[in-house]
Amino acid sequence: MIMFNRACGAYRSRFLACLLLLTPCMTIADEPLVSASPPADTVITRIAFGSCFKEQRDDDRAWHAIGDWSPQLFVYAGDTLYPDRHDDSAGLPMLRAAYDALAHNAAFRKLRAEVPVLPVWDDHDYGLNDGGADFAFREQTEALFLQRWGASDDDPRAQRPGIYRSWMVGAPGRRIQ
């Protein structure tokens, strides 16, 4: 197991990048799930919330319904994907396959091109249903989440343990967080 000193936050993004490079099954085809940028000076009046999308079971109606509502933000509040089963190897093949399926979903691709997506993770994004700190591949799943959701090197989540984050968006004096 790879250990690192939490006090070395400045090196965290390099550690996570190296961890991804050393982890088997990483392919050039791993497409980041980047979305439109949050609006800087727009008064936000429509925010969509969603979670628990299971690509293997659901169809595209949810993504079309969200897009038809024309939200200015979409908070993807955890369980952004459901692997068929949890991974028992550091390569995380099931989690990677679930990210690939979401990245290649045409309706979700259209939604994220038009609407900023603010992803939050939950247990299935973590890689183990109801998993906790004892999950052997938690650092790998965190690195994969950041990589696949297109987090930049200056993203606060790349500088410290954990995926939690806050965003401030909207017009000055009318911002939301």
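Residues numbered from 1 in each chain as written. Predicted model: local features only at pLDDT ≥ 70, side-chain atom pairs only at ≥ 80, totals over all residues. Heavy atoms only, no water.

Some words on the pattern of salt bridges
Then, number 1: Applying the stated criterion across every chain yields a total of four salt bridges.
Then, number 2: With a closest N to O distance of 3.0 Å, D100 and R148 form a salt bridge. Note that D100 is positioned in helix 3 (residues 93-103) and R148 in helix 6 (residues 138-148), a separation of 48 residues in sequence.
Then, number 3: According to the relative accessible area criterion, R148 is buried, its value standing at 0%. (Salt bridge = Lys/Arg side-chain N within 4 Å of Asp/Glu carboxyl O. Helix = DSSP H or I, 4+ residues; strand = E, 2+ residues; numbered from the N terminus. Buried < 20%, exposed > 50% of the residue type's maximum accessible area, 1.4 Å probe, protein only.)

Considering the sheet that holds strand 2 (residues 73-77)
Then, number 1: Strand order in this open sheet of three strands is 1-2-3, and the pairing throughout is parallel. In this open sheet, the two edge strands, each paired with only one partner strand, are strand 1 (47-50) and strand 3 (117-120). Put simply, the sheet's adjacent strands are angled 15° from each other on average, direction ignored.
Then, number 2: Summarising the sheet, strand 1 and strand 2 pair through four bridges and their orientation is parallel. Paired with F49 across the strands is V75, a residue of strand 2. (Pairing = 2+ DSSP bridges. Axes fitted to C-alpha atoms, helices over the stretch in contact; angles between N-to-C directions.)

What about the nonpolar core?
Then, number 1: Grouped together as the largest cluster of nonpolar side chains are 27 residues, with contacts concentrated most on W63, F74, Y76, Y99, F108 and W149.
Then, number 2: Listing elements by their share of this core, those giving two or more residues are helix 2 (61-68), strand 2, helix 3, helix 4 (106-114) and helix 6.
Then, number 3: With five residues, the single largest contributor to this core is helix 3.
Then, number 4: With residues near it in sequence (within four places) discarded, F108 still touches L33, W63, Y76, L102 and W149. (Core = buried A, V, L, I, M, F, W, Y, C linked by side-chain atoms within 4.5 Å. Contact = heavy atoms within 4.5 Å.)

What about the packing of aromatic side chains?
Then, number 1: Summed over all chains, the structure comprises ten aromatic pairs.
Then, number 2: Each residue in the set W63, F74, Y76, F108, W121, F145 and W149 is aromatic and connected to the rest through ring pairs, giving one cluster. (Phe/Tyr/Trp six-rings, centres within 6.5 Å; stacked < 30°, edge-to-face > 60°.)

Describing the confidence of the model for the protein
Then, number 1: Put simply, the protein has an average pLDDT of 77, and 80% of its residues get 70 or more.
Then, number 2: No element of the protein has a lower mean pLDDT than helix 1 (residues 12-22), at 38, and none a higher one than strand 1, at 94.
Then, number 3: When the criterion is pLDDT under 50, residues 1-28 qualifies, and its contacts beyond four places in sequence or with other chains add up to 45 contacts. (pLDDT = per-residue confidence, 0-100.)

Some details on the packing of helix 3 against helix 6
Then, number 1: Running from amino to carboxyl end, helix 3 crosses helix 6 at an angle of 15°, the nearest separation of the two axes being 11 Å. Compared by their axis directions, helix 3 and helix 6 come out roughly parallel. Handedness of the helix 3/helix 6 crossing: right-handed. Mapping the contact onto sequence places L95, R96, Y99, D100 and A103 in helix 3 and T141, L144, F145 and R148 in helix 6.
Then, number 2: Considering only residue class, the contact of helix 3 with helix 6 consists of five nonpolar, one polar and three charged. (Parallel < 35°, antiparallel > 145°, perpendicular 65-115°, else oblique. Left-handed = near helix turned anticlockwise from the far one by under 90°. Nonpolar A, V, L, I, M, F, W, Y, C, P; charged D, E, K, R; others polar.)

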